[in-house]
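Residue-level structure breakdown
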Amino acid sequence: MLHTVNKSPFEHKALETCLKFARQGSAVLLIEDGVYAAARDTAVSQQVQDALKSVQVYALKPDVEARGMQHRVMDGIRLVDYGGFVDLVAEHNAVQSWL
Amino acid sequence: MTEENAGGVAKRFLYVNRRAPYGSIYGLESLEVVLIGAAFEQDVSLAFLGDGVYQLAKGQDTKGLEMKNFSPTFRALEDYDVTKLYVEKEALEARGLREADLVVPVEVVSAERMAEIMEAQDVILSF
């Protein structure tokens, strides 16, 4: 399963809920304001670090760069471009969008 | 009082920004309205709360999104005598940001001080 999260983790519960239901081995792609969850040293970074032990986390590079977060992405999170987004969708059996 | 607003009264306007810059149109629209208010020579202040602080983050590069990067516009506010930018301390800290990570000089204030600033306004516009 590929999960996508497009909401800021500081203003919404979408990421928290996603991580609660994301099973081991699934992928989580952070897009739009969801990419703020990829930053180091924030109030939610520990939550994301814990998730990295069981799921692969990706962040959409154009969204990361637009928000000025490109130098803050924590280790273990992979950046993907739009082509990579398409690949992730194609690789997984289903996509769950946590809007 | 200047010629332009002779007969009028300069009011204290506070623009409250609570949204991250590109996930919605609020940030850009707020800035447009701020510039209009400033052109009418009102007493303008800006407050950045919660995710609103992200509007001021350095290093924004929107080429990949094909959207306007409006963060450099904050640097032009000084030319309109808009110099009172208040940023919520707690919001910055929760997001791992420091004042040096922002595109313009701001005053980082506690929630209590922010509440006082809000109390002192004539008009508050929320975005």
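Because the structure is a prediction, the values reported are computed rather than measured.

Thresholds, definitions, all that
- Residues numbered from 1 in each chain as written.
- Chains lettered and ligands numbered in written order.
- Predicted model: local features only at pLDDT ≥ 70, side-chain atom pairs only at ≥ 80, totals over all residues.
- Helix = DSSP H or I, 4+ residues; strand = E, 2+ residues; numbered from the N terminus.
- Rg over C-alpha atoms; globule rule 2.2 N^0.38 Å.
- Contact = placed C-beta atoms within 7 Å.
- Buried ≥ 20, exposed ≤ 12 C-beta atoms within 10 Å, placed from the backbone.
- Pairing = 2+ DSSP bridges.
- Axes fitted to C-alpha atoms, helices over the stretch in contact; angles between N-to-C directions.
- Nonpolar A, V, L, I, M, F, W, Y, C, P; charged D, E, K, R; others polar.
- pLDDT = per-residue confidence, 0-100.
- Right-handed = clockwise from strand over helix to strand, strands pointing away.
- Core = buried A, V, L, I, M, F, W, Y, C linked by C-beta atoms within 7 Å.

1. Let's talk about the overall build of chain B
Summing up its helical and strand segments, chain B has four helices and five strands in all. Element order for chain B, N to C, with α for helix and β for strand: β-α-β-α-β-α-β-α-β. In terms of overall size, chain B behaves like a compact globule, its C-alpha atoms giving a radius of gyration of 15 Å where 127 residues would be expected to give roughly 14 Å. Taking the principal axes of the C-alpha coordinates as reference, chain B spans close to 45 × 35 × 25 Å. Pairs at least 24 apart in sequence give 73% of the contacts found in chain B among residues at least 6 apart.

2. A word on the overall build of chain A
Each helix and strand counted, chain A has four helices and five strands in total. Helices and strands appear in chain A in the N-to-C order β-α-β-α-β-α-β-α-β. When its C-alpha atoms are laid out on the principal axes, chain A stretches across 30 × 25 × 25 Å. Buried positions account for 44% of the 99 residues belonging to chain A. Here the analysis covers contacts within chain A between residues at least 6 apart in sequence; of these, 69% occur between residues at least 24 apart.

3. Section: the sheet that holds strand S1 (residues 2-5) of chain A
Residue and element names in this part refer to chain A. Read across the sheet, five strands follow the order S4-S3-S2-S1-S5 without closing on themselves; strand pairing throughout is parallel. Two strands lie at the open edges of the sheet, namely strand S4 (77-80) and strand S5 (95-98), each paired on one side alone. Pairwise comparison of adjacent strand axes, ignoring direction, gives a mean angle of 25 degrees for this sheet. The pairing of strand S3 (residues 56-60) with S4 spans four bridges and is classified as parallel. Residue pairing in the sheet places Tyr58 in a bridge with Arg78 of S4.

4. Some details on the interface of chain B and chain A
Note: interface size is frequently given as the accessible area lost on complex formation between the parts. Contacts between chain B and chain A engage 19 residues on the former and 20 residues on the latter. Counted by class, the side of chain B that touches chain A contains eight nonpolar, seven polar and four charged residues.

5. Topic: the sheet that holds strand S4 (residues 107-109) of chain B
Residue and element names in this part refer to chain B. Strand order in the open sheet formed by five strands is S4-S3-S2-S1-S5, with parallel pairing between adjacent strands. The open sheet has two free edges, formed respectively by S4 and strand S5 (123-126), since each of these has just one partner strand. The mean angle between the axes of side-by-side strands here comes to 25 degrees, regardless of whether they run parallel or antiparallel. Alignment of strand S2 (residues 43-48) against strand S3 (residues 84-88), held across four bridges, turns out to be parallel.

6. Brief notes about the confidence of the model for chain B
Per-chain confidence: chain B averages 93 in pLDDT, with 94% of residues scoring 70 or above. Listed scores for the predicted complex are pTM 0.93 and ipTM 0.94.

7. Thoughts on the pairing of strand S2 (residues 27-30) of chain A
All names here are of chain A. With four bridges joining them, S1 and S2 adopt parallel strand pairing. What sits directly across from Val5, in S2, is Leu30. Assessed by its sense of winding, the connection that carries the chain from S1 through helix H1 (residues 14-21) to S2 is right-handed. Crossover handedness for the path S2 to helix H2 (residues 45-52) to S3: right-handed.

8. A short note on the nonpolar core
Grouped together as the largest cluster of nonpolar side chains are 54 residues, with contacts concentrated most on A:Leu30, A:Val35 and A:Ala38. Those residues in contact with A:Val35 that sit more than four places away from it in its chain are A:Leu30, A:Ala59, A:Leu60, A:Asp63, A:Val64, A:Arg67 and A:Met69.

9. Concerning the environment of A:Cys18
Residues and elements named next belong to chain A. On the secondary structure map, Cys18 appears in helix H1. Note on Cys18: 24 C-beta atoms within 10 Å, which makes it buried. Spatially, the C-alpha atom of Cys18 lies 14 Å from that of Gln49, the residues being 31 residues apart in sequence. Ignoring sequence-local partners within four residues, the contact set of Cys18 consists of His3, Val5, Val28 and Trp98.

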